[in-house]
Amino acid sequence: MSAQTIILALGLVLIFEGLVFALAPRRLDDILRTLAEMPFDARRLIGVLALVAGAVLITLARMLGSS
């Protein structure tokens, strides 16, 4: 994995994270409150699913890029 790829990935993460703050700052309070009320196991499951989805997308992008 090249430095360019890592920088691109970090930039995309920051863009998507920033969208929440830029487009729905008031809604963010509700989202955080909902997350705080969720059981730890549910939050862990969401995290694991996000990790798996990210790994699948990275693998797919690499497969498409090598074709």
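Residues numbered from 1 in each chain as written. Predicted model: local features only at pLDDT ≥ 70, side-chain atom pairs only at ≥ 80, totals over all residues. Heavy atoms only, no water.

J.: Even after reading the chapter, I still don't get the overall build of the chain, so can you show me in this structure?
T.: Scanning the chain for helices and strands turns up three helices and zero strands. The N-to-C order of helical and strand elements in the chain reads α-α-α. Scaling as 2.2 N^0.38, a compact globule of 67 residues should have a C-alpha radius of gyration of about 11 Å, whereas the chain reaches 15 Å, well beyond that. Projected onto its principal axes, the C-alpha positions of the chain cover 45 × 30 × 15 Å. Out of the 67 residues in the chain, the part that is buried amounts to 1%. When the accessible surface of the chain is split by element, carbon and sulfur atoms take 73% of a total near 6,000 Å². Computed over 6 positive and 5 negative side-chain charges, the inter-centroid distance for the chain is 5 Å. (Helix = DSSP H or I, 4+ residues; strand = E, 2+ residues; numbered from the N terminus. Rg over C-alpha atoms; globule rule 2.2 N^0.38 Å. Buried < 20%, exposed > 50% of the residue type's maximum accessible area, 1.4 Å probe, protein only. Areas by Shrake-Rupley, 256 points an atom, 1.4 Å probe, with all protein chains shown as cover. Lys, Arg positive; Asp, Glu negative; His and termini not counted. Charge placed at Lys NZ, Arg CZ, Asp CG, Glu CD.)

J.: Would you take a moment to explain the environment of Leu 51 for this structure?
T.: Position of Leu 51 among the secondary structure elements: in helix α3 (residues 40–65). Among the residues examined, Leu 51 registers a relative accessible area of 63% and is labelled exposed. Taking the C-alpha atoms as reference, Leu 51 lies 16 Å from Glu 17; in sequence the two are 34 residues apart.

J.: How should the pattern of salt bridges be read in this particular structure?
T.: Working definition: two side chains of opposite charge can pair if their charged atoms are close together. All told, the structure shown has three salt bridges when counted by the stated rule. The shortest N-O distance in the salt bridge between Asp 30 and Arg 33 comes to 3.0 Å. One end of the pair is Asp 30 and the other is Arg 33, both in helix α2 (residues 25–37) and three residues apart, which spans about a single turn. A salt bridge links Asp 41 to Arg 44; the shortest N-O distance between them is 3.8 Å. Residue Asp 41 and its partner Arg 44 are located together in helix α3, separated by three residues, close to a single helical turn. On the accessibility criterion, Asp 41 (59% relative accessible area) is exposed. (Salt bridge = Lys/Arg side-chain N within 4 Å of Asp/Glu carboxyl O.)

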